[in-house]
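Topology and contacts: notes
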Amino acid sequence: MSRSVNLGNFEGLADLASPVEAALEEWRSSENTQRLWSGDASLWTGDDEAEWLGWLEVVDGQLDRADELASLTADLSGGEFDHVLLLGMGGSSLCPEVLKMTFGAIAGHPELFVLDSTDPAQVKSFENEIDLERSAFFVSSKSGTTLEPNIFMRYFFERVSDRVGAEAAAEHFIAVTDPGSPLEEIARRDGFRHVFHGVPGIGGRYSALSDFGMAPAAAMGLDVRRLLERARIMVNACDATVPDAENPGVRLGLALGTAGALGRDKITLIASPAVYDLGAWLEQLLAESTGKQGVALIPVDREPLGEPGVYEDDRLFVYVRFADGPDPEQDAALERLESAGQPVIRIDVDDRYDLGQEFFRWEFATAVAGSLLGINPFNQPDVEASKKATRALTDSYEDTGSLPSEEPILEEKRLWLLSDSQNAEALASAADDRNVEAYLRAHLGRLEPGDYLALLAYIEMNEAHEARLSSIRRQVRDARRVATCLGFGPRFLHSTGQAYKGGPNTGVFLQITCDDAEDLDVPGHDYTFGVVKAAQARGDFEVLAERGRRALRVHLGADVEGGLKELERQVGRALA
């Protein structure tokens, strides 16, 4: 049965309608879709953009080898494995996570889990979730040198080796990496079960339809050919031969880019419950692609929906609606927002396999938006800064056996406050008392119209913690009428972290850290997972401070739930 493509509904663009139509005419008259498909780097900044367009052609190549991916499905579904644990970060893990959260466990196939956190509690929770002797492990890293997948690999390879021996353990491991990477060398040397290659001309966040997304999809039992055929429908719909007004990727990209250029740069993502996790992938795609040179599209994902009165004019709402099971409350809320004059784009997803279409639509749209914003959407110049700061701290730990000591600026009950000297001085000057409530009031008082609050939580990512942090988001959004973001560290460093450091100085950051009740050793190193996480948090804060960002760190101690509850209470008092 042939399927049509969903163009998207752009009738609710409100005050963006005329500017977007003008941008469409300019795009058409300049033949920019043809320039994009031909790899004309001058469409963006004239740098190396043409070297990173492999995602435009990847779907046909993947369909040509769909039988190879199907053979992986058969291999892992033969009764040997009950679970598959993917060890990755950012672009190597977010598409598989979306597929897992959307399709769930598929009968007759191993269940997929995705680990992308160095938090020891998170690592241990996944270890407890699976049967090590009946689990396969994907080690996914484009460069093959990324810190987190490498230490995950060391940890779980040792765990499995303890059960079955090193030689047999290798048969549990699968590498996904670019050809010739250090990870491939390790996989070949140690005899991994499979090695799948990424495409050198595809950056991590554009790699969903490459083997970084499709090999785990096959492992969990998805019909990969079907998923790719859906993607090809969108590829054809975005072709240069299609009129720009009927091109889904062009239409969405022009709306995003125009909104960003006109100050509606908080792209607020609303997704039906059946496809809610798509926002996690979109966060990275939008933020890491556009957040640089002082501009950004700031993705706002999983922020609780509010009444129209809590939003300013810096929003563009994009509603990804699952046609077979929409949420009536979301439908009603978006109707109210549109009636109040907020711009709303609606995209219907007919069934779960149409995610293949959405991956390509949004990749194409992000490239289009990058052109309008005048940036290179394929680099990430500010991500390396945090990695460098982290490496310096972990190297120091290996040399000295400890991280540098820290002195809180304030200590009260369950909470410690820490910051750099410039932020500490600003907060001390603005606070009306010397306590946590007053400092939080001063910090949140720095939010101005057009700003956003980002909670950067270096704690275990689970439902209970997210619920507490979501409550804090709602309180701040409703009181200050600003967009709010939530990132769990360190995964957001490979996602929204680029925009927080390279985008406009409109973010107010509240970093949240904790002591680890239980830590885990990293085989082959003196440092532990807890030390790595602490170094990542400190390195992240250090770079935010260097960039002049308004930032405050709250340390919870070892009782994370109790600390979050106290923080929620203190934020409520500070906003009262």
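Residues numbered from 1 in each chain as written. Predicted model: local features only at pLDDT ≥ 70, side-chain atom pairs only at ≥ 80, totals over all residues. Heavy atoms only, no water.

As named in an unreviewed UniProt entry, the chain is Glucose-6-phosphate isomerase, taken from Candidatus Kutchimonas denitrificans. According to the UniProt record, the Catalytic activity (unreviewed entry) comment for the chain reads "alpha-D-glucose 6-phosphate = beta-D-fructose 6-phosphate". Under Sequence similarities (unreviewed entry), UniProt gives the following word-for-word description of the chain: "Belongs to the GPI family." (UniProt positions renumbered as here; feature names shortened; annotations may be inferred.)

So, about the sheet that holds strand β6 (residues 194-197). Overall, parallel pairing links the 5 strands, which are arranged β3-β2-β4-β5-β6 in an open sheet. Two strands in the sheet have a free side with no partner beyond their single neighbour: β3 (111-115) and β6. Neighbour-to-neighbour, the strand axes of this sheet turn through a mean angle of 20 degrees, independent of strand direction. Looking at chain direction, strand β5 (residues 173-177) and β6 are connected through 4 bridges and run parallel. Bridged to Val176 within β6 is Phe196. Contacts from helix α10 (residues 211-219) reach β2 (83-87), β3, β4 (135-140), β5 and β6 within the one sheet, and its direction differs from that of β4 by about 175 degrees. (Pairing = 2+ DSSP bridges. Helix = DSSP H or I, 4+ residues; strand = E, 2+ residues; numbered from the N terminus. Axes fitted to C-alpha atoms, helices over the stretch in contact; angles between N-to-C directions. Contact = heavy atoms within 4.5 Å.)

A few words now on the environment of Gly39. Here Gly39 is to be found in the loop between α2 (32-37) and α3 (58-64). The residues contacting Gly39, other than those within four sequence positions of it, are Ala50 and Leu53.

Looking now at the sheet that holds strand β16 (residues 550-555). To summarise the sheet geometry, strands pair through backbone hydrogen bonds and adopt either a parallel or an antiparallel arrangement. Taken together, the 6 strands give an open sheet; going across it, the order is β11-β12-β16-β15-β13-β14, and neighbouring strands pair in mixed fashion. Both outer strands of the open sheet, β11 (410-412) and β14 (483-488), are each paired with one neighbouring strand and no more. On average, adjacent strands in this sheet sit at an angle of 20 degrees to one another, irrespective of strand direction. In terms of strand pairing, strand β13 (residues 452-457) meets β14 through 6 bridges, oriented parallel. By the bridge assignment for β14, Ala457 is matched with Phe488. Lying on the sheet, helix α21 (residues 529-546) is in contact with β12 (415-418), β13, β15 (507-513) and β16; it crosses β15 at an angle near 160 degrees.

Looking now at the nonpolar core. Counting 93 residues, the largest nonpolar core has Trp281 and Trp362 as the members making the most contacts within it. Per-element tally for this core: the top contributor is helix α15 (residues 355-373), with 10 residues. With near-sequence residues (within four places) excluded, Trp362 lies in contact with Leu252, Leu256, Leu269, Trp281, Leu282, Leu285, Leu286, Val318 and Ile347. Within the second largest apolar cluster, 36 residues are counted, among which are Leu427, Phe488, Ile512 and Leu556. (Core = buried A, V, L, I, M, F, W, Y, C linked by side-chain atoms within 4.5 Å. Buried < 20%, exposed > 50% of the residue type's maximum accessible area, 1.4 Å probe, protein only.)

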